[in-house]
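# Topology and contacts: notes
Spelled out, the chains give:
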Amino acid sequence: SPTLRDLGNRRLKIITAVIEPFVRVIDLSPDMENKCYLGVKCMAANSTNTSATETYVTINDILPPGKQTERTKCCEGLEIDLIDMLSKDIGFEYDLYWGVYPAGYKENKSWTGLVGAVISGTADISIGSISITAERSQ
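Just so it is clear, the model here is predicted, and its values are computed rather than measured.

Glancing now at the confidence of the model for the protein chain. Taken over all residues, the pLDDT of the protein chain has a mean of 75, while the share at 70 or more is 72%. Across the protein chain, the element-wise mean pLDDT spans from 50 in strand S5 (residues 56-58) up to 91 in helix H1 (residues 78-90). A low-confidence stretch, residues 49-56 (pLDDT under 50), is modelled with 24 contacts involving residues beyond four sequence positions or located in other chains. Note that residues 60-68 has pLDDT below 50 and, in this model, 12 contacts with residues that lie over four places away or in other chains.

Right, let's get into the side chain of Glu76. Here Glu76 is to be found in strand S6 (residues 72-76). Since its relative accessible area comes to 18%, Glu76 is described here as buried. Within the structure, the side chain of Glu76 is placed 2.5 Å from the side chain of Arg24, a separation counted as a polar contact.

Now for the nonpolar core. Within the largest apolar cluster, 16 residues are counted, with the highest numbers of intra-cluster contacts made by Ile14, Cys75, Ile80, Phe92, Tyr94 and Leu96. When residues of this core are traced back to their parent elements, those giving at least two are strand S1 (11-17), strand S3 (40-44), H1 and strand S7 (93-99). Discounting chain neighbours no more than four positions away, the residues touching Leu96 are Ile14, Thr16, Val40, Lys41, Cys42, Met43, Cys75 and Ile80. Counting 8 residues, the second-largest nonpolar core is a separate cluster that includes Ile15, Ala17, Ala45 and Ala123.

Let us look at the side chain of Asp95. Tracing the backbone shows Asp95 in strand S7. Side chain to side chain, Asp95 and Arg11 meet in a polar contact 2.9 Å long.

A surface patch of nonpolar side chains, amounting to about 260 Å² of accessible area, comprises Ile19, Phe22 and Leu78. Locating Phe22 in the fold gives a position in the loop between S1 and strand S2 (24-26). Given the relative accessible area of 32%, Phe22 is considered partly exposed.

The subject of this paragraph is the environment of Glu76. Along the sequence, Glu76 and Ile26 sit 50 residues apart, while their C-alpha atoms lie 7.9 Å from each other. With residues up to four places along the chain from it excluded, the contact list for Glu76 reads Phe22, Val23, Arg24, Ile26, Leu38 and Gly39.

So, about the state of the cysteines. In this structure the tally under the stated criterion is 2 disulfides. Two residues, Cys36 and Cys74, share a disulfide whose sulfurs are 2.1 Å apart. Taking the torsion about the sulfur-sulfur bond, which here is approximately -100 degrees, the covalent link between Cys36 and Cys74 counts as left-handed. Taken as a pair, Cys36 in the loop between S2 and S3 and Cys74 in strand S6 lie far apart in primary sequence, 38 residues in all. This pair shows no difference in class: Cys36 is buried, exactly as Cys74 is. Counting its disulfide-bonded cysteines in sequence order, the protein chain shows a connectivity of 1-3, 2-4.

Calculation criteria
Residues numbered from 1 in each chain as written. Predicted model: local features only at pLDDT ≥ 70, side-chain atom pairs only at ≥ 80, totals over all residues. Heavy atoms only, no water. pLDDT = per-residue confidence, 0-100. Helix = DSSP H or I, 4+ residues; strand = E, 2+ residues; numbered from the N terminus. Contact = heavy atoms within 4.5 Å. Buried < 20%, exposed > 50% of the residue type's maximum accessible area, 1.4 Å probe, protein only. Polar contact = N/O pair within 3.5 Å; in protein donor to acceptor, adjacent residues only side chain to side chain. Core = buried A, V, L, I, M, F, W, Y, C linked by side-chain atoms within 4.5 Å. Patch = residues over 30% accessible without salt bridge, like charges linked within 9 Å, V, L, I, M, F, W, Y side chains within 5 Å. Areas by Shrake-Rupley, 256 points an atom, 1.4 Å probe, with all protein chains shown as cover. Salt bridge = Lys/Arg side-chain N within 4 Å of Asp/Glu carboxyl O. Disulfide = S-S within 2.5 Å.

Structure representation (structure tokens):
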């Protein structure tokens, strides 16, 4: 089975939920040429609500360098620091996406939220304050 070392030399799509203090989203610093003073650049992921209880996450294509939009922000916090340290230690690059999502649960045979983003292949990794439930442990 794959290990963390198998992630080396790859560019990954990582999605996180905005839950302070673990993840906080702040504007780019215009006085620093739209760079992040704290944290790393991240983009808002889209979510599609198919019912009042389901949240499915989609990630748009990565914008070319220099194309700043209102969707590009800075993400910082404990989880962002952890992902950044892992990327340096293991040797992968990443594009970070954020949203306000539940961790995810199974409904109509499909997973929602952060868990669903990974299972569907929308994201390679999700990071967030996800608790273990009986359903998720399977």
